[in-house]
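Spelled out from the first residue to the last, the chains are:
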Amino acid sequence: MTTKKTTAVCAPLTEAEPLRRTLRERNLLHDDVEIFKDEKCIYFPVKEVPRELRSYKIGTKSFKLKDVKPHCYKDRLKLSKKLMKELPTSYDVIGAIILIKLSTLLLPYRKEIGRALLETHRNIRTVCLIDPVSGELRTRNVTIIAGENQTLTTHIEYGLSFNVDVKTTYFSPRLASERRRVAGLVKSGEIVVDMFAGVAPFSIMIARYAKPKVVYAIDKNKKAIKLAQQNVKQNHVLDKVEIIYTDAKNIGMVIPIKVDQIIMNLPFSAYRFFPFALSIAAKICIIHYYDILRDEDIEARIDGLKKIAAKHSYHLSDVSIRKIKTYAAREFYIGIDITATKHADVA
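Residues numbered from 1 in each chain as written. Predicted model: local features only at pLDDT ≥ 70, side-chain atom pairs only at ≥ 80, totals over all residues. Heavy atoms only, no water.

Structural notes on the packing of helix α4 (residues 176-183) against helix α5 (residues 201-209)
- Interaxial distance between α4 and α5 falls to 8 Å at its minimum, and their mutual angle equals 45°. In terms of axis orientation, α4 runs oblique to α5. For α4 against α5, the interelement crossing comes out right-handed. Contacts from Ala176, Glu178, Arg179, Arg180, Val182 and Ala183 of α4 reach α5 at Pro201, Phe202, Met205, Ile206 and Tyr209.
- A class-by-class count of the residues in the contact of α4 with α5 yields 8 nonpolar, no polar and 3 charged. (Axes fitted to C-alpha atoms, helices over the stretch in contact; angles between N-to-C directions. Helix = DSSP H or I, 4+ residues; strand = E, 2+ residues; numbered from the N terminus. Parallel < 35°, antiparallel > 145°, perpendicular 65-115°, else oblique. Left-handed = near helix turned anticlockwise from the far one by under 90°. Contact = heavy atoms within 4.5 Å. Nonpolar A, V, L, I, M, F, W, Y, C, P; charged D, E, K, R; others polar.)

Below you can see the structure in the form of structure tokens.
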């Protein structure tokens, strides 16, 4: 056991807690050693003893040094300077799972990197190496590089809990604020459609933090639908969210009414489904559209959406663009709020 000798203030057990708070508030405690307690007293390791505390018993004592874990996983690794520069500065945490992308140069060291992440994150049980999301089911290759052989976890967000399988379903913790923002835009009694719902975080957030008449959560990923059904039940929104297992192209056949707001969270492909979204839109409908684009391509995408809208007798206005996060070099995860209005001369 490694110890450190330092000045100590000895307090009776009955007076220890208020004294500890005082010492902490005044930054007088040594943080690198453990406070010692016996049957009668607690000994506080202090940097100095203010005059008003000299009524306590003061002495010198050996304290056990704390086992201090590095705050950053990089501090646990012994790699060359070149490789250290390659280490990611960010990664996604979903429940008890970390998802991380590594460059080709770092792949031979993936297990060491995984262990380092486990050692510096107390609540993490599994570390996964991931490839980019692909396809309409929005899945990706996932390889466990450290921890438990488990890809199912429960993620907590704004007081809500979502069951997520990171291997078979899509979920981004970085959209938490966006989901809460959209929920704040839904008015009482509105009908909302989430066209690519996944495990239903948008739908459930809206159901819990707004007062919609109903939210239709649609997805063609059967495994995502199963988890969405669990999530709706455990978040107590069965009366507000209707889960529908189908391709979003069938939306006109499964949604029997016109809707007030539509969520289109399918980057790279959402534009192909824009005509289907308009087929269920009310005369005035707000569409929350998401895409991954370069700066120079944003205006072209909006122009393309306007042309699609015109073919379906809609005019797009109040276009609001937000860069939510960086996706890759010069590419951004873009959120666009659009108001779609039916032409006055069209019923």
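Let's talk about the packing of aromatic side chains
- A complete count under the given rule lists 8 aromatic pairs for this structure.
- Relative to Tyr91, the ring of Tyr73 lies with its centre 5.9 Å away and its plane at 80°, an arrangement referred to as edge-to-face. One end of the pair, Tyr73, is in the loop between β4 (57-64) and α2 (81-86); the other, Tyr91, is in the loop between α2 and β5 (92-94), and 18 residues separate them in sequence.
- Taking the centre distance of 5.1 Å and the plane angle of 80° together, the rings of Phe196 and Phe273 count as edge-to-face. Taken together, the residues Phe196 in the loop between β11 (191-194) and α5 and Phe273 in the loop between β14 (259-265) and α8 (274-278) connect sequence positions 77 residues apart.
- Linked through ring pairs, Phe196, Phe273 and Phe276 together constitute an aromatic cluster.
- Against the face of Tyr43 rests Lys61, its NZ or CZ located 5.0 Å from the ring centre.
- Of note, Lys323 hangs over the ring of Phe332, and the distance from its end group to the ring centre comes to 4.3 Å. (Phe/Tyr/Trp six-rings, centres within 6.5 Å; stacked < 30°, edge-to-face > 60°. Lys NZ or Arg CZ within 6 Å of the ring centre and 35° of its normal.)

A closer look at the confidence of the model for the protein chain
- Here the protein chain shows a mean pLDDT of 91. Residues at 70 or above account for 96%.
- Here helix α1 (residues 16-25) is the element of the protein chain with the lowest mean pLDDT, 80, and β11 is the one with the highest, 98. (pLDDT = per-residue confidence, 0-100.)

Section: the sheet that holds β4
- Strand order in this open sheet of 4 strands is β2-β3-β1-β4, and the pairing throughout is antiparallel. A single partner strand is all that each edge strand has here, and the edge strands are β2 (36-37) and β4.
- Running at roughly 5° to strand β3 (residues 41-45), α1 makes contact with β1 (3-12) and β3 of the sheet. (Pairing = 2+ DSSP bridges.)

What about α4?
- Considered for burial, the residues of α4 that qualify are Ala176, Glu178, Arg179, Val182 and Ala183. Viewed end-on, α4 has its buried residues packed into an arc of 165°, placing them on one side of the element.
- Considering only its buried residues, α4 is in contact with β9 (152-157), α5, β14, β15 (281-294) and β16 (314-328). (Buried < 20%, exposed > 50% of the residue type's maximum accessible area, 1.4 Å probe, protein only. Arc of directions from axis to C-beta.)

Re the sheet that holds β5
- Ordered in space as β5-β6-β7-β8, the 4 strands form an open sheet in which the pairing is mixed. Here the strands that pair on one side only, and so sit at the sheet edges, are β5 and β8 (142-147). Direction aside, the axes of adjacent strands within the sheet are offset by 25° on average.
- In this structure, β5 lies alongside strand β6 (residues 97-100), joined through 3 bridges in antiparallel fashion. Bridged to Asp92 within β6 is Leu99.
- Contacting β6, β7 (126-130) and β8, helix α3 (residues 110-120) runs over the sheet at an angle of about 60° to β8.

Observations concerning the environment of Pro45
- Structurally, Pro45 can be placed in strand β3.
- Judged by its relative accessible area of 1%, Pro45 falls in the buried class.
- As for Pro45 and Ala8, which are separated by 37 residues in sequence, their C-alpha atoms are 4.6 Å apart.
- When neighbours within four sequence positions are excluded, Pro45 is seen to be in contact with Thr6, Thr7, Leu28, Leu29, His30, Val33, Ile35 and Phe63.

Notes on the pattern of salt bridges
- For the coordinates displayed, the defined rule picks out 14 salt bridges.
- Its salt-bridge partner being Asp32, residue Lys4 comes within 2.9 Å of it at the nearest N-O pair. Here Lys4, found in strand β1, pairs with Asp32, found in the loop between α1 and β2; they are 28 residues apart in sequence, far enough to count as distant.
- Among the residues examined, Asp32 registers a relative accessible area of 28% and is labelled partly exposed.
- Here Asp295 ties to Lys323 by a salt bridge, and the two come within 2.7 Å at their closest N and O atoms. Here Asp295 is found in the loop between β15 and α9 (298-311), whereas its partner Lys323 is found in strand β16, with 28 residues between them in sequence.
- Ionic contacts of the salt-bridge type, sharing partners, join the residues Glu178, Arg181, Arg322 and Asp337 into one network. (Salt bridge = Lys/Arg side-chain N within 4 Å of Asp/Glu carboxyl O.)

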